[in-house]
Every structure is written in structure tokens, then in C-alpha cells.
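One-letter residues, chain by chain:
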Amino acid sequence: MTGEPPTAETVSTLLEDRELVIVSNRQPYSHEYDDDGNDWEGDDGDGRGDRDGITVQRPAGGLTSALDPVVQSAGGTWVAWASGDADDEVTDENGRVGVPPESPAYDLRRVRLSDKQVDGYYYGYSNQVLWPICHVDPAKMNADSDFWKQYRSANRAFADAVVEETDDESVVWFQDYHLALAPRMVREERDAFCMQFWHIPWPSWDTFQTCPQYEHLLDGLLANDLLAFHTHRYCQNFLDCAAMIPDTMVDRATRSIVYDGRRTFVRSFPLGIDADYRRELADSEDATAFWREFRERHDLGETLAVGVERLDYTKGIPERLAALEEFWETRPEWRERFTYVQKASESRSRIPEYRELQAEVESEIERLNDRFGTDDWTPVVYLNKFLPPEGLAALYREADLAIVSPRRDGMNLVVKEFVASQVDELGVLVLSELAGASEELGDEAVSVHPHDTPGFADAIERALSLPESERARRMRDLGRQVRSNDVYAWMTAQFRTVEAIQRGRDVAARSVQRQRYEQ
Ligand code: GDG
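Description of the structure in this document. Since the structure is predicted, the reported quantities are computational estimates derived from the model, not experimental observations.

**With respect to a negative patch on the surface**
- Taken together, the side chains of Asp-299, Glu-336, Asp-375 and Asp-376 make up a negatively charged region of the molecular surface.
- A relative accessible area of 57% places Asp-376 in the exposed class.

**Focus: the sheet that holds strand 8 (residues 193-197)**
- Taken in spatial order, the 10 strands of this open sheet run 5-6-4-1-7-8-9-12-11-10, and their pairing is mixed. The sheet terminates laterally at strand 5 (96-99) and strand 10 (248-251), the two strands that pair on one side only. Direction aside, neighbouring strands of the sheet carry axes that sit 20° apart on average.
- Taken together, the five bridges between strand 7 (residues 171-175) and strand 8 define a ladder with parallel strand orientation. When the sheet's bridge partners are listed, Val-172 is paired in strand 8 with Cys-194.
- Each of strand 9 (226-229), strand 10, strand 11 (256-259) and strand 12 (262-268) touches helix 9 (residues 232-243); the most contacted strand, strand 12, lies at about 150° to it.

**Here's the deal with the packing of aromatic side chains**
- Taken as a whole and judged by the stated rule, the model has 30 aromatic pairs.
- Aromatic side chains Tyr-125 and Trp-148 sit 5.1 Å apart centroid to centroid with 55° between the ring planes, which places their arrangement in the tilted category. Of the two residues, Tyr-125 is situated in helix 4 (residues 115-134) and Trp-148 in helix 5 (residues 145-165); the sequence distance between them amounts to 23 residues.
- Judged by relative accessible area, which is 1%, Tyr-125 ranks as buried.
- Residue classification places Trp-148 among the buried positions, given a relative accessible area of 10%.
- Clustering of aromatic rings is evident, with ring pairs tying together Trp-131, Tyr-177, Trp-198, Trp-202, Trp-205, Phe-208, Tyr-214, Phe-229 and Phe-238.
- The ring of Tyr-313 carries the charged tip of Lys-140 above its face, separated from the ring centre by 4.6 Å.
- A cation sits over an aromatic face here: Arg-337 above Trp-334, 4.1 Å from the ring centre.

**Considering the packing of helix 15 (residues 413-420) against helix 18 (residues 468-484)**
- Interaxial distance between helix 15 and helix 18 falls to 9 Å at its minimum, and their mutual angle equals 115°. As judged from the angle between their axes, helix 15 and helix 18 are roughly perpendicular. Relative to helix 18, the crossing made by helix 15 is left-handed. Taking contact as the criterion, the partners of Lys-416, Phe-418, Val-419 and Ala-420 in helix 15 are, on helix 18, Met-475, Leu-478, Gly-479 and Val-482.
- By residue class, the composition of the contact of helix 15 with helix 18 is six nonpolar, one polar and one charged.

**Examining the site of the ligand**
- Taken together, 21 residues sit near the ligand, with His-199, Lys-343, Leu-387, Asp-409 and Glu-417 positioned nearest.
- For the ligand, an oxygen atom lies 2.8 Å from a polar atom in the side chain of Arg-310.
- Calculation on the ligand without its partners gives an accessible area of 730 Å², and the protein chains cover 87% of this total.
- Elements with a minimum of two residues in the shell around the ligand: strand 13 (303-310), strand 14 (338-345), helix 14 (389-398) and helix 15.

**Let's talk about the pattern of salt bridges**
- Under the definition given, this model contains 40 salt bridges.
- For the salt bridge of Asp-312 with Arg-348, the shortest nitrogen-to-oxygen distance reads 3.3 Å. On the criterion of sequence distance, the pair formed by Asp-312 in the loop between strand 13 and helix 12 (317-330) and Arg-348 in the loop between strand 14 and helix 13 (352-372) is long-range, its members being 36 residues apart.
- Of the residues examined, Asp-312 reaches a relative accessible area of 0% and is grouped as buried.
- The salt bridge involving Lys-416 is made with Glu-440; its shortest N-O contact spans 2.8 Å. Taken together, the residues span a long stretch of sequence, with Lys-416 in helix 15 and Glu-440 in helix 16 (residues 437-441) at a distance of 24 residues.
- A single network of salt bridges, built from pairs that share partners, joins Glu-444, Glu-470, Arg-473, Arg-474, Asp-477 and Arg-480.

**Details of the side chain of Glu-417**
- As for its placement among the helices and strands, Glu-417 is situated in helix 15.
- Among the residues examined, Glu-417 registers a relative accessible area of 9% and is labelled buried.
- When neighbours within four sequence positions are excluded, Glu-417 is seen to be in contact with Ile-273, Arg-278, Leu-392 and Tyr-396.

**Overview of helix 8 (residues 214-221)**
- Within helix 8 the residues assigned to the buried category are Leu-217, Leu-218, Gly-220 and Leu-221. For helix 8, the angular spread of buried residues about the axis comes to 160°, placing them on one side.

**Concerning unusual backbone geometry**
- With an omega of -5°, the peptide bond between Val-99 and Pro-100 qualifies as cis.
- With a phi angle near 45°, Arg-255 is a residue other than glycine that sits in the positive phi range.
- Within the fold, Arg-255 resides in the loop between strand 10 and strand 11.
- The partly exposed category is assigned to Arg-255, whose relative accessible area is 28%.
- Its identity as a non-glycine residue notwithstanding, Glu-425 has a phi of 55°, on the positive side.

Calculation notes
Residues numbered from 1 in each chain as written. Predicted model: local features only at pLDDT ≥ 70, side-chain atom pairs only at ≥ 80, totals over all residues. Heavy atoms only, no water. Patch = residues over 30% accessible without salt bridge, like charges linked within 9 Å, V, L, I, M, F, W, Y side chains within 5 Å. Areas by Shrake-Rupley, 256 points an atom, 1.4 Å probe, with all protein chains shown as cover. Salt bridge = Lys/Arg side-chain N within 4 Å of Asp/Glu carboxyl O. Lys, Arg positive; Asp, Glu negative; His and termini not counted. Charge placed at Lys NZ, Arg CZ, Asp CG, Glu CD. Buried < 20%, exposed > 50% of the residue type's maximum accessible area, 1.4 Å probe, protein only. Pairing = 2+ DSSP bridges. Helix = DSSP H or I, 4+ residues; strand = E, 2+ residues; numbered from the N terminus. Axes fitted to C-alpha atoms, helices over the stretch in contact; angles between N-to-C directions. Contact = heavy atoms within 4.5 Å. Phe/Tyr/Trp six-rings, centres within 6.5 Å; stacked < 30°, edge-to-face > 60°. Lys NZ or Arg CZ within 6 Å of the ring centre and 35° of its normal. Parallel < 35°, antiparallel > 145°, perpendicular 65-115°, else oblique. Left-handed = near helix turned anticlockwise from the far one by under 90°. Nonpolar A, V, L, I, M, F, W, Y, C, P; charged D, E, K, R; others polar. Near = heavy atom within 4 Å. Polar contact = N/O pair within 3.5 Å; in protein donor to acceptor, adjacent residues only side chain to side chain. Arc of directions from axis to C-beta.

Structure follows, in C-alpha cells:
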């Protein structure tokens with residue numbers, strides 16, 4: 001490899017001739033009926049793929065949009081849930097459609113799930129059992145037995161599709177906690193290289209044990225050759241959990257687990273972002289135009305903080321609002337000078353817990369604005385509509401602080417997006433020690449504990465009072481880290497590990513062969 005920064009092509013080079021199959025709940029492209037009768041987006045007029053009344057939706061930022069160019073460059077297949085209402089209209093009899101629509105580079109293989117499966121597998125087991133347990137909040141678990149049944153059947157549907165799309169030479173890359181059982185189901189049919197990235201935290205054994213199906217989950221995950229997490233701590237937790245079930249041999253020196261005749265390597269690879277893309281957005285005319293309009297529309301103070309998240313109880317939004325209330329209460333000199341912008345997107349609102357959180361956040365913001373607001377100043381600006389990426393970039397760029405204070409978070413990409421968007425490098429990051437990002441970037445952030453309200457308010461003041469030279473020094477350091485550990489470096493590191501594991505196996509296999517020959 002040269003000293004050039006890794007790109008999507010680097011990954012495809014590392015794969016050599018092996019076919020990459022990505023498996024995720026969300027799909028990179030979805031087809032939706034368009035009430036306005038628009039044509040298929042991306043149709044380049046060549047007559048291919050014209051579909052009246054169907055629109056293609058593409059990912060705006062995030063992991064899916066970062067993986068898409070890799071699969072485009074490497075070729076291969078992406079297996080995902082058919083979530084679009086017009087998906088079936090464009091797929092062939094095997095559930096496949098070539099994407100991107102304008103010049104297909106790989107196959108998207110869609111997995112059909114019934115409404116009952118989606119309810120039980122996605123809204124049920126994934127988000128009401130695994131999500132609270134992995135975020136160390138088992139009291140929020142809803143262990144409805146039908147959830148588990150649907151989770152198993154949905155994992156079976158994904159695994160069946162993967163088996164059809166692979167052979168023993170493929171590299172199958174599962175994404176996330178929706179698919180803990182699929183690797184075992186695939187392993188029963190294929191000797192492919194299986195790997196999985198778990199995007200949320202992995203808890204300690206005491207917490208994990210509260211999940212009634214813990215043995216089945218470990219059995220599924222240990223069918224992978226490589227299991228990856230964001231942080232070293234989650235890897236340690238996973239090794240501890242694996243050590244607690246029968247028939248495993250945990251080898252701490254090589255961070256691997258031998259189970260059912262195979263070895264699973266457990267490694268941390270902190271996910272990064274496409275830093276160049278974020279920087280370009282922040283520098284763009286569109287971002288400037290957005291900001292101009294935004295500033296005119298709202299009564300902002302001269303100093304601005306921003307928070308961006310899905311409305312999820314793990315993100316610590318009510319705890320942050322409590323700290324802000326304490327801040328304005330005990331430091332009246334900051335009233336009319338300091339505005340906090342909360343970008344919060346509705347999420348999983350079919351789950352009562354999430355609807356309640358949304359109502360709580362909205363009423364707390366209203367209360368704070370009533371309590372402290374004046375005719376010319378809004379303490380908290382609440383944005384609940386999806387912002388275009390350039391709008392988000394403008395907020396990141398203009399904010400003096402980003403306040404990222406989850407109660408627990410696997411990584412948190414908003415942290416990295418804020419850093420990459422800092423054109424003047426004077427913004428300060430206020431970061432919860434309970435975010436995965438803290439392991440990597442915590443030293444240059446102002447650290448907070450989401451449940452320590454007075455300490456949190458002090459930290460906001462400390463962040464606002466940092467001298468300019470100190471802000472710049474910290475932000476330059478953060479920027480260097482975010483740029484050098486971007487999403488392509490993340491993928492490259494994993495595929496290098498795949499190569500190393502395979503090389504190790506080849507050496508071991510050759511040595512067994514030699515021993516046989518010499519006998
Ligand atoms: C899970 C883990 C881990 C949000 N609102 C808008 C918008 N966003 C984008 C942000 C960011 C993404 O959503 C949120 O990513 P996070 O990483 O913060 O959080 P989760 O969704 O919980 O993700 C997390 C991640 O997986 C990856 O492994 O880091 O710990 O929980 O990219 O920018 N984007 C736009 N408009 C919005 O209004 N354009």
C-alpha cells in the first residue's frame with residue numbers, strides 16, 4: 001500500500017477477486033411511489049429504468065452513503081430489507097435490482113418482510129430488547145416473546161437471501177444489531193468469510209445477562225470470523241460475555257474466541273466519517289445561504305451551541321436541557337447572549353417510549369423559552385424537520401459549541417461531523433464521557449457527565465470561556481484525528497484485518513498439510 005489516504009478503491013483492491021456482500025437492515029436505495037408522478041430519479045434518458053410515478057430515494061450522508069461507493073467500486077451485492085413501497089415494482093423475480101439506477105454497478109438484493117415481521121423484528125426485538133440492553137438500560141426492555149420469534153424469522157429471511165447470493169469464497173459483511181442470528185444461519189450453508197460490525201455499545205456481562213436470549217445471540221455472533229466494535233471497551237465486554245457461556249475458549253492474548261470449531265477475532269475499529277465531504281459542505285455557498293436565512297428567521301444570541309440527534313432516550317436531551325436551565329439560572333449574564341439550537345428528528349415513534357420522549361422534549365423547551373426568553377431572544381431553537389446536509393453543515397460551522405451528551409452512545413458521528421465542518425477551527429466540543437467517541441477524542445473536548453447537572457452547567461461555561469488560542473489548538477488536533485481516521489480508513493483497517501486473518505489461516509493450513517506430507 002502507498003502512503004496515499006485510503007479511498008473506496010483501496011477497499012476494492014484489498015478484496016482482490018473475492019465478492020463482497022453487505023447485509024444491512026436499511027437499503028442504500030429505495031423506490032417509492034411518487035404522488036406527483038415524477039420519473040425515476042437518476043434516469044439519464046437512455047431509456048433504461050424509466051418508471052413513471054416512482055422516485056428513488058438515496059441516503060443523505062451516514063454509513064450507507066459511505067459504503068455505497070465501496071460496493072460500486074468493488075462490485076458485489078447488497079442485501080437489505082425492501083422498505084420502499086414501490087421496491088417490488090422494479091426488482092426482478094429474484095428480488096434484485098441493479099444500482100445506482102443511472103449506471104448499475106452492483107446488485108441490491110431486497111428482502112421482503114411482512115408487517116408483522118417488521119413490527120416484531122425491527123420495532124420489537126431490535127429496538128425494545130437489544131437497543132436498551134446494549135445501552136445499559138435493561139429496565140426499558142420489553143421481552144415480548146413474539147418479538148424474539150419475529151427476530152428469528154427475519155434473520156432467517158436475510159440469511160436465505162445471503163446464501164443465494166454467495167459462495168464459499170465470498171466476504172459477507174453484516175451490519176449491526178438487527179442481524180445477530182443471521183451469521184450462524186449463513187455459516188450452516190456457506191464457508192464464506194463472515195464479519196460483522198456492531199454499531200452500538202456492547203454491555204458488561206451483568207447487563208447482557210438480563211437478555212433472556214443471550215446464549216442464542218452469542219451463538220449467532222460467534223459464527224463470524226471477525227466481530228468489530230467502535231471501542232476497545234466494547235471488545236473487552238464482549239470477550240467477558242463470551243467467557244461466561246459453555247463451550248467457548250476465550251484467548252485474551254489474541255483477542256479471539258474459539259467456539260464450535262472456529263475462531264472469531266474481536267477487534268475495535270472506531271467508525272469515521274467522510275471528512276472531505278463534510279468540509280466541502282461547510283464551505284459551500286448553499287451552507288452560507290442557509291445560515292443567512294436561518295439567522296434572520298430566529299432571535300439568536302451572539303453565541304451559539306448546537307445539538308443534533310434522533311429523538312432517542314439514549315441521547316440525553318432532557319438531561320442536557322436541565323443543564324442548560326441550570327446554566328441560565330445561575331449565570332444570568334449569559335441570558336440574551338447564548339442560544340442553544342436543538343436539531344431533533346422524530347425516530348421510532350411507533351414505540352410509546354419514543355413518543356413520550358418527544359412530548360417531554362417539546363414541553364421542556366417550551367417551558368425554558370417561557371421562563372428565560374425575551375422579545376428579542378430565544379434561548380432554545382427547536383428544529384424537528386429533517387435538514388438538508390448543507391443546513392446541518394451551516395449550523396456546525398457557525399456554532400461556538402457542539403453539545404453531545406448522550407447517556408450512552410456506540411460512537412456518535414455528530415461529534416466528527418461538527419469537527420470536520422469547523423472552517424475557522426474555533427468551535428469547542430462538549431462531550432459526554434459515555435459516548436464511544438470519547439475514547440478517541442475525549443482529550444481535546446470539554447468532558448461532561450450527562451447526569452451531573454451542576455457539573456454540566458460548569459462545563460458549558462468553561463467551554464465558552466476557553467481562550468481563542470486554546471480553542472484553535474484543540475480543534476486543530478481534533479480535525480487531524482477526524483480527517484486521518486475517516487470512513488475509508490475505517491474500512492481499509494477492517495479489510496486489512498480480513499487479509500491478515502486469512503493469511504494466518506493459510507499458513508496454518510499449509511503447515512497442517514506439510515505435517516501430513518512429512519509423516
Ligand atoms: C448509530 C449509533 C453510531 C440527524 N439529523 C439530521 C441528520 N442527522 C444525521 C447526523 C448523523 C446521523 O444522523 C446520526 O448519527 P449518530 O452516530 O449520531 O447516531 P445514531 O443514529 O444513533 O447511530 C451511533 C452510529 O450508529 C454509526 O455507527 O455512531 O452511536 O447509535 O450522521 O448528521 N442529517 C441530516 N439532516 C438532519 O436533520 N442531513
